[in-house]
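These are the residues of each chain, in order.
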There are 2 protein chains.
Amino acid sequence: MTVRLLGVAVDVAVFTVRASRLEVALIRMKRAPFEGKWALPGGRIQTEETVEDAAQRELTDKTGLADVYLEQLYTFSEPDRDPQGRCVSVAHLALVPATAELRTNDKYAGIDWFAADRPPSLAFDHKAMLAYAVKRLRAKLEYTNVAYSLLAPTFTLGELQRVYEAILGQPLDPRNFQRRIQAVGLVLQTGEMRTGQANRPARLFRFAVRRPVEIAVLT
Amino acid sequence: MTVRLLGVAVDVAVFTVRASRLEVALIRMKRAPFEGKWALPGGRIQTEETVEDAAQRELTDKTGLADVYLEQLYTFSEPDRDPQGRCVSVAHLALVPATAELRTNDKYAGIDWFAADRPPSLAFDHKAMLAYAVKRLRAKLEYTNVAYSLLAPTFTLGELQRVYEAILGQPLDPRNFQRRIQAVGLVLQTGEMRTGQANRPARLFRFAVRRPVEIAVLT
DNA sequence: GCAAAAGTGTTGTCGGTACACCCATGC
DNA sequence: GCATGGGTGTACCGACAACACTTTTGC
């Protein structure tokens, strides 16, 4: 048996909701063994940082995103998951508003948003990581306020509903949705309206709290 | 800055319910820097195994328990969590029936069950790991059938209720409990009775399925 | 016969779901 | 004036919580 050095990496599934669709940010690899393939952004952890710090650092380095909602998910450790050598990877989930812009560095051939439920063929075990992240995001949406990290500081209830529908993958009744969202105190009215659209102006809301808390949003 | 080798370890919080109390198995360290302190069983992962395999292996080695329910929880990675050197650790949750017997090896000064909500002072960051494991176990009990791994193959509804009460930390109404447990199809009657106690014999049940599945048990 | 746990049914309340119409604006 | 999305109230139903007494056994 050859001795192989054991490494620790992080990978991040960054999601946003754009045009009523849940999308994930992927970067395109330049070099073998995954040349041309798409992958979740990530990399090795450094000696004096936690895995969450490493995920933030790698995310900024490879996507240009900073100060995002980020959460550890699960550690993937199949011995052959990385053809370049033994390496476990701690998968993370990140959320950004649709206004976020992606910009990778020149070590990669590109970066773009993809439909989270129909990704292209992915490098490493990133297909499993992505599926796990989507599943966790769905669950978290129902009992936490994480949706705040997917929207601008103010938003209409219609925009919020489209975020929920895109992630849960099912339509929701607007009357019941509004009643529940307001009943649990998830959002507060700002008093402002969104004008300029070709239809009736909608009230603008903001989240009551803009850091992660548990709150039974649905059911 | 000194270069430090990055290691990967696993630790396991093994729970059981005995005498209406949630208990966790701890081993006593023999050597510095944690001489005399109690800790969760665990150890380094080997080159060709997943972290879950490592957790099973370390668990058998250090507690004598085999073939137990085991699940990955969370990766702890504070740079200073291990005074012996940089090492991240993947925490796991394990469940065994109250009949399981603990037996550690001679590298440790002892092994015993402790009340999960009042552990002794623990080595490393195991206090945080244990707290996280208890929290996760409470949550999983309500939407999965994991309780099967805490009981013998057949059991009375009273025994099952005591498991739920011990983990959730609150009394439950026996009428509502029995109705719900049977309504969701968690258990099936065996037709046998438990006799020999100084009171009315109780029906014996078994779990409808004895592998992990999601099922809304409570609320 | 007594202590100890098992077993059983009903009622009230609350929350969730289903559902249709009018409103305000931009063009 | 028309197309588009915003905004609102009610009625039904099912699920959950609360609650007390009788039964069966070992000693």
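Here the residue numbering is sequential within each chain, running from 1 through the sequence in written order. The lettering of chains begins at A and the numbering of ligands begins at 1, in the order of writing. Predicted model: local features are reported for residues with pLDDT of at least 70 only, side-chain atom pairs are reported and counted for 80 or more only, and whole-chain, interface and lining totals are derived from all residues. As a rule here, side-chain values come from all non-hydrogen atoms in the structure, and water together with hydrogens is ignored.

Between side chains of opposite charge, a pair can form when the charged atoms approach closely. By convention in these notes, a salt bridge is any Lys or Arg side-chain nitrogen within 4 Å of a carboxyl oxygen on Asp or Glu. By the definition in use, this model includes 24 salt bridges over all chains. A salt bridge links A:K62 to A:D61; the nearest nitrogen and oxygen atoms lie 3.6 Å apart. For the exposure calls, accessible area comes from a 1.4 Å probe over protein chains only, and a residue counts as buried if that area is under 20% of its type's maximum, exposed if over 50%, partly exposed in between. On the basis of relative accessibility, which here comes to 36%, the residue A:D61 falls in the partly exposed class. The residue B:K140 makes a salt bridge to B:E71 at a minimum N-O spacing of 3.3 Å. Of this pair, B:K140 sits in helix α2 (residues 126-143) while B:E71 is found in strand β5 (residues 69-76), placing the two residues 69 residues apart along the sequence. As far as the burial class goes, B:K140 and B:E71 line up, both buried. Ionic contacts of the salt-bridge type, sharing partners, join the residues A:E49, A:R57, A:E58, A:D61 and A:K62 into one network. Secondary structure counts use DSSP, requiring at least four H or I residues in a row for a helix and at least two E residues in a row for a strand, with both numbered from the N terminus.

Take the protein's contact with DNA strand D next. The environment of DNA strand D is made up of 20 residues, and the closest members are A:R200, A:R203, B:R175, B:R180 and B:Q197. What qualifies as a polar contact is a pair of N or O atoms within 3.5 Å, subject to a donor-acceptor requirement within protein and to the restriction that residues adjacent in sequence count only when both atoms come from side chains. In this structure, a base oxygen belonging to DNA strand D sits 3.0 Å away from a side-chain N or O atom of A:R179. B:R175 is positioned such that a nitrogen or oxygen atom in its side chain is 2.3 Å from a base nitrogen of DNA strand D. Mapped onto the surface near DNA strand D, the elements with two or more residues apiece are α4 (174-183) and β9 (202-207) of chain A together with α4 (174-183) of chain B. The element contributing the most residues to the surface near DNA strand D is α4(B), with 4 residues. Each residue receives one of three labels: charged for Asp, Glu, Lys and Arg, nonpolar for Ala, Val, Leu, Ile, Met, Phe, Trp, Tyr, Cys and Pro, and polar for the others, Gly being one of them. Partitioning the surface near DNA strand D into residue classes produces 5 nonpolar, 6 polar and 9 charged. Distances are taken per atom, and a residue is near a molecule or strand as soon as one of its heavy atoms is within 4 Å of it.

The subject of this paragraph is the protein's contact with DNA strand C. Contacts to DNA strand C come from 19 residues, most closely from A:R175, A:R180, A:Q197, B:N199 and B:R203. Across the atoms of DNA strand C situated within 4 Å of the protein, the share located in sugar and phosphate is 46%. Side-chain polar atom of B:N199 to a sugar or linking oxygen of DNA strand C: 3.0 Å apart, as the coordinates give it. Contact between DNA strand C and B:R200: a base nitrogen at 3.4 Å from a side-chain N or O atom of the residue. When residues in the surface near DNA strand C are grouped by element, the largest group, 4 residues, is from α4(A). The residue inventory of the surface near DNA strand C, partitioned by class, reads 4 nonpolar, 6 polar and 9 charged.

Copies are brought into register by a least-squares superposition over C-alpha atoms of residues with pLDDT of at least 70 in both. In screw terms, the move from chain A to chain B is a rotation of 180 degrees and a rise of 0.0 Å along the axis, fitting with an RMSD of 0.0 Å. Within this description, the copies of the chain are treated as partners about a two-fold rotation axis. Pairs of residues are marked as contacts when any of their non-hydrogen atoms sit within 4.5 Å. The fraction of interface residues of chain A whose copies in chain B are also interface residues reaches 100%, indicating that both copies meet through the same surface.

With 24 residues of chain A at the interface, the matching set in chain B holds 24 residues. Note: buried area is the sum, over both parts, of the accessible area (probe 1.4 Å) each one loses when the two are combined. Carbon and sulfur atoms supply 53% of the area that chain A and chain B bury against each other, a total of about 2,100 Å² over both sides. Scanning the region where chain A abuts chain B turns up 0 salt bridges. Connecting chain A to chain B are 11 residue pairs in polar contact (both at pLDDT 80 or more). When contributions to the side of chain A that touches chain B are tallied by element, the ones reaching two or more residues are α1 (51-63), β5 (69-76) and β6 (87-95) of chain A. For the side of chain A that touches chain B, the element with the highest residue contribution is β5(A), accounting for 3 residues. Of the residues contributing to the side of chain A that touches chain B, the split by class is 10 nonpolar, 6 polar and 8 charged.

Right, let's talk about the packing of helix α3 (residues 157-168) of chain B against α4(B) for a bit. Residues and elements named next belong to chain B. Axes, fitted as lines to C-alpha atoms, cover a helix only where it is in contact. Angles between the N-to-C directions of the axes lie from 0 to 180 degrees. At a minimum axis separation of 11 Å, α3 and α4 run at an interaxial angle of 100 degrees. Classified by the angle their axes make, α3 and α4 are roughly perpendicular. For the pair α3 and α4, contact is made by L157, L160, Q161 and Y164 and by P174, F177, Q178, I181 and Q182, respectively. Of the residues belonging to the contact of α3 with α4, the class tally is 6 nonpolar, 3 polar and no charged. When an angle is under 35 degrees it counts as roughly parallel; over 145 it counts as roughly antiparallel; between 65 and 115 it counts as roughly perpendicular; any other value is oblique.

As a further point, take helix α3 (residues 157-168) of chain A. Residue and element names in this part refer to chain A. Multiplying 1.5 Å by the residue count of a helix minus one yields the expected span of that helix. Given a rise of 1.5 Å per residue, 12 residues ought to cover 16 Å, and the 16 Å separating the end C-alpha atoms of α3 matches this to within 8%. Among the residues making up α3, those that are buried are L157, L160, Q161, V163, Y164, A166, I167 and L168. Downstream of α3 by one or two residues, G169 has phi in the positive range, about 75 degrees.

Residue and element names in this part refer to chain A. Each assigned domain of chain A is listed with its residue range as follows: domain 1 (7-136) and domain 2 (146-207). With 11 residues of domain 1 in contact, the opposing surface of domain 2 contributes 10 residues. Summed over both sides, the interface between domain 1 and domain 2 buries roughly 810 Å², with carbon and sulfur atoms accounting for 72% of that surface. In this assembly, domain 1 and domain 2 are joined by 0 salt bridges. Elements with a minimum of two residues in the side of domain 1 that touches domain 2: β1 (7-18) and β2 (21-29). The element best represented in the side of domain 1 that touches domain 2 is β1, accounting for 3 residues. Residue classes in the side of domain 1 that touches domain 2 are distributed as 8 nonpolar, 2 polar and 1 charged. Domain ranges listed in this record stem from an automatic or a database domain assignment.

Turning our eyes to something else, we now look at the nonpolar core. Only buried residues count toward a nonpolar core, which is a set of Ala, Val, Leu, Ile, Met, Phe, Trp, Tyr and Cys residues joined through side-chain atoms within 4.5 Å. Core analysis: the biggest nonpolar cluster contains 48 residues, and A:V14, A:I45, A:L59, B:V14, B:I45, B:L59 and B:L65 have the highest contact counts within it. Among the elements of the structure, β1, α1 and β6 of chain A together with β1 (7-18), β2 (21-29), α1 (51-63), β6 (87-95) and β7 (108-115) of chain B are those that each provide at least two residues to this core. Excluding anything up to four places from it in sequence, B:L65 contacts B:V14, B:L59, B:T60, B:V96, B:A100, B:E101 and B:L102.

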